[in-house]
Amino acid sequence: MPSFVALPEVATVKRREFRSTLPALLFLALFFVVPVIALLLRSVLEPQPGLQNYVELLGSSTYLKVFFNTFMVSAVVTIVSLTIGFPVAWTLAIMPSRWAAIVFAILLLSMWTNLLARTYAWMVLLQRTGLINKMLMGMGLIDKPLALVNNLTGVTIGMTYIMLPFIILPLYGTIRKIDPAILQAAALCGANRWQALTRVLLPLTVPGMAAGALMVFVMSLGYFVTPALLGGTSNMMLAELIAQFVQSLVNWGMGGAAALVLLVVTLALYAVQLRIVGNESEGGR
Amino acid sequence: MTTPFLKIEGIRKEYGPVVAVQDVNLEVERGEFLTFLGPSGSGKSTTLYILAGFDNPTRGDIKLNGKTLLATPSQKRNIGMVFQRYTLFPHLSVGDNIAFPLKVRRLPKHQIDAKVKEMLRLVRLEGFEDRKPAQMSGGQQQRVALARALAYDPPVLLMDEPLSALDKKLREEIQHEIRRIHQQTEVTILYVTHDQEEALRLSDRIAVFSKGVIDQIGTGPELYANPATRFVAQFIGDSDFLPCQMLHSANGRATVSVGGAVFSDVPLHETGKSEGAALMLRPERLSLTREPLQQRLAATVSDITFLGNNVHVATSTLSGDPLSVRLPFGHPAISGLSRGDSVWLGFEAASAHVFN
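Residues numbered from 1 in each chain as written. Chains lettered and ligands numbered in written order. Predicted model: local features only at pLDDT ≥ 70, side-chain atom pairs only at ≥ 80, totals over all residues. Heavy atoms only, no water.

Regarding the overall build of chain B
Phase 1: For chain B, the helix and strand inventory stands at 9 helices and 21 strands.
Phase 2: By its C-alpha atoms, chain B is 80 × 45 × 40 Å across when sized along the principal axes.
Phase 3: Here chain B holds 356 residues, and the buried ones make up 51% of them.
Phase 4: Sequence separation of at least 24 residues holds for 67% of the intrachain contacts in chain B that already meet a minimum separation of 6.
Phase 5: Carbon and sulfur atoms make up 48% of the accessible area of chain B, which amounts to about 16,400 Å² in all.
Phase 6: Between the centroid of the 40 positive side chains of chain B and the centroid of its 39 negative side chains there is a distance of 6 Å. (Helix = DSSP H or I, 4+ residues; strand = E, 2+ residues; numbered from the N terminus. Buried < 20%, exposed > 50% of the residue type's maximum accessible area, 1.4 Å probe, protein only. Contact = heavy atoms within 4.5 Å. Areas by Shrake-Rupley, 256 points an atom, 1.4 Å probe, with all protein chains shown as cover. Lys, Arg positive; Asp, Glu negative; His and termini not counted. Charge placed at Lys NZ, Arg CZ, Asp CG, Glu CD.)

Next up, the structure:
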């Protein structure tokens, strides 16, 4: 079919698109990349040039424990969020859309509520004389209050709550894209509910789960507010450690080194995610 | 009396105030290819979905070999189905898709492998075993879907407009394949379509659906030669209806008067509807002359269309009703015929029908 409107060449379009993203790129370069590089430079220059900050960070059991805590909590938060988030996303996807809209409103409302307010609310719920402990004791399930706050348990509970929407939303999108006729076909093929779930539904939601899980894991690695408020002083996470280096100890070198380790891990995981998403769009329908 | 293989007894399905299926009764023989033909919203797909177990009827029963199916959930009905949309499992290869129903039945591996091979041969897709559905054309995907649905030797195969997403040429090719596979496997097929040509090409019998009931069941030639209702007459083959006056009727034959001419001994169908009597004529059963003759309908040519081996002459009767004639190309009666000419149209009484 002849086209009478001259269409711009692909290269021109790309150049134009690039031009329109230029302000954003400049902004990022000026206010993000430059300070990050400055911080990283300080990690190899202070107190004197060399890698001693990294040696200290990765050689000390205290700091390694912080790394361990960080990865541990992030992993548990990711797994628990997936376990809770999947049924929620599934229910939302098959629910009448009017009802689903209400649940979404609640989800978004909680996301838009101030993070500090939400975290303090969890402190109230989880403390020794808090609602949860009182209820459990009232039911006679426990004799003395559980230590649910000022430790990693509290951090995990609080962060799972905060991360849930980041699992539910992409999973919901993935599940909605699955044609219900595919599940009907599975049923007629003789698959019972469990087989339909494990052999058809779960494999088809893997891209959504992977996207959500990586998002949650990466966000958890650098999370500060919730660990700072719900966590204890003895079991720190990485963001708290960086804050402590910079704010209390005014040790920019160690802070920068810890920040670089976090950045490297995050970028590596992002690369993994890109690979998965890339494969999905290649093989997907 | 022997029990019919598959029996649908008085199925009714209501969705709130909407009646999707009014009252469907049907008996299907083993090995038969039966098509549900009808426009969208006529209840044909709903009936099929009830057979598949995705929906329960408000009333009525379905019996396979004399035993009710309604208490059995979809996954235990052992029924095969090919859907309108592509429903292959996108994460599984072609071979694994066909093996899926066998794996969930926990068959031994060598049996599964043999069956997958057999099915691939049946749908002529040997060598495609390791492809993913996304790497195949729509026609190939539907053939794999057919193989998957037949892999567990279902007593009944349901097909819900499986070719509607394909283009005409491919559709005809796969219709051929379906016909061959039906003959080869002798599986009982219930096929839903709104395409009369497809229904005629494939089926042993056709059930014509209209407004939630089956208007008529019969072979293609039966429906064409002897339509029970105006709807069937319109849906199978081409037809025109002329309002007529009933002069006399006896033993299923009528004498009617149209535009001054009287026709006797025309097959009569009492429909019980008060639409007034109408004479149904098929364009290919009409003859055309340029001179006035007795027992003929006078008409004026309004258009002439060349359709390859046929010529379609659109006319208008004296009362203004459209009436079409189809004649073979080169027929002497139409040489030099042009718009506005007067013609006289005749037919054999037995080829026409009166609906009253």
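Let's talk about helix 9 (residues 193–221) of chain A
Think of an α-helix as turning once every 3.6 residues; residues three or four places apart then point the same way.
Residues and elements named next belong to chain A.
Phase 1: Between its first and last C-alpha, helix 9 extends only 36 Å over 29 residues, short of the 42 Å set by a 1.5 Å rise per residue.
Phase 2: Its maximal kink placed at V206, helix 9 deviates by approximately 50°, while the proline P207 follows within four residues.
Phase 3: Measuring from the backbone nitrogen of W194 back to the side-chain oxygen at the start of helix 9 gives 3.2 Å, which picks out N192 as the cap. (Expected span 1.5 Å × (residues − 1). Bend = angle between axes of the 7 residues up to and from the residue. Polar contact = N/O pair within 3.5 Å; in protein donor to acceptor, adjacent residues only side chain to side chain.)

Description of the packing of helix 3 (residues 94–104) of chain B against helix 4 (residues 109–122) of chain B
If you want to describe how two helices pack, look at the angle between their axes and the distance between the axes.
Residues and elements named next belong to chain B.
Phase 1: The N-to-C vectors of helix 3 and helix 4 enclose an angle of 125°; their axes lie 9 Å apart at closest approach. Comparing their axes, helix 4 and helix 3 come out oblique. Crossing handedness for the pair helix 3 and helix 4: right-handed. Residues V94, G95, I98, A99, L102 and K103 of helix 3 lie in contact with helix 4, whose contacting residues are I112, K115, V116, M119 and L120.
Phase 2: A class-by-class count of the residues in the contact of helix 3 with helix 4 yields 8 nonpolar, 1 polar and 2 charged. (Axes fitted to C-alpha atoms, helices over the stretch in contact; angles between N-to-C directions. Parallel < 35°, antiparallel > 145°, perpendicular 65-115°, else oblique. Left-handed = near helix turned anticlockwise from the far one by under 90°. Nonpolar A, V, L, I, M, F, W, Y, C, P; charged D, E, K, R; others polar.)

Topic: the sheet that holds strand 17 (residues 297–307) of chain B
Residue and element names in this part refer to chain B.
Phase 1: If you walk across this open sheet you meet the 5 strands as 16-20-17-18-19, and the pairing is antiparallel. On the outer flanks of this sheet lie strand 16 (287–289) and strand 19 (322–328), each paired with one strand and no other. Sheet twist, expressed as the average angle between the axes of neighbouring strands with direction ignored, equals 45°.
Phase 2: In the sheet, strand 18 (residues 310–317) pairs with strand 19 via 7 bridges, with the strands oriented antiparallel. Pairing of N310 across the sheet is with P328, part of strand 19. (Pairing = 2+ DSSP bridges.)

Some remarks on the UniProt feature "domain: ABC transporter" (unreviewed entry) in chain B
Phase 1: When the UniProt feature table is mapped to this numbering, "domain: ABC transporter" (unreviewed entry) covers residues 6–236 of chain B.
Phase 2: The straight-line gap between the two end C-alpha atoms of residues 6–236 of chain B is 25 Å; of that span, 38% is helix and 26% is strand. (UniProt positions renumbered as here; feature names shortened; annotations may be inferred.)

Brief notes about the UniProt feature "domain: ABC transmembrane type-1" (unreviewed entry) in chain A
Phase 1: When the UniProt feature table is mapped onto this chain, "domain: ABC transmembrane type-1" (unreviewed entry) is found at residues 67–273 of chain A.
Phase 2: Helix makes up 81% of residues 67–273 of chain A and strand 0%, and the two end C-alpha atoms of the span are 21 Å apart.

Focus on the interface of chain A and chain B
Interfaces are often sized by the accessible area lost when the parts come together.
Phase 1: Every contact between the two is made by 19 residues of chain A and, on the other side, 24 residues of chain B.
Phase 2: Between chain A and chain B, a total of about 1,900 Å² is buried, with carbon and sulfur atoms accounting for 65% of that surface.
Phase 3: Interface area lost by chain A to chain B is led by A:L188, A:C189 and A:R199, which between them contribute 36%.
Phase 4: Put simply, chain A and chain B have 1 salt bridge between them.
Phase 5: Between chain A and chain B we count 5 residue pairs in polar contact (both at pLDDT 80 or more) in total. (Buried area = accessible area lost by both parts, 1.4 Å probe. Salt bridge = Lys/Arg side-chain N within 4 Å of Asp/Glu carboxyl O.)

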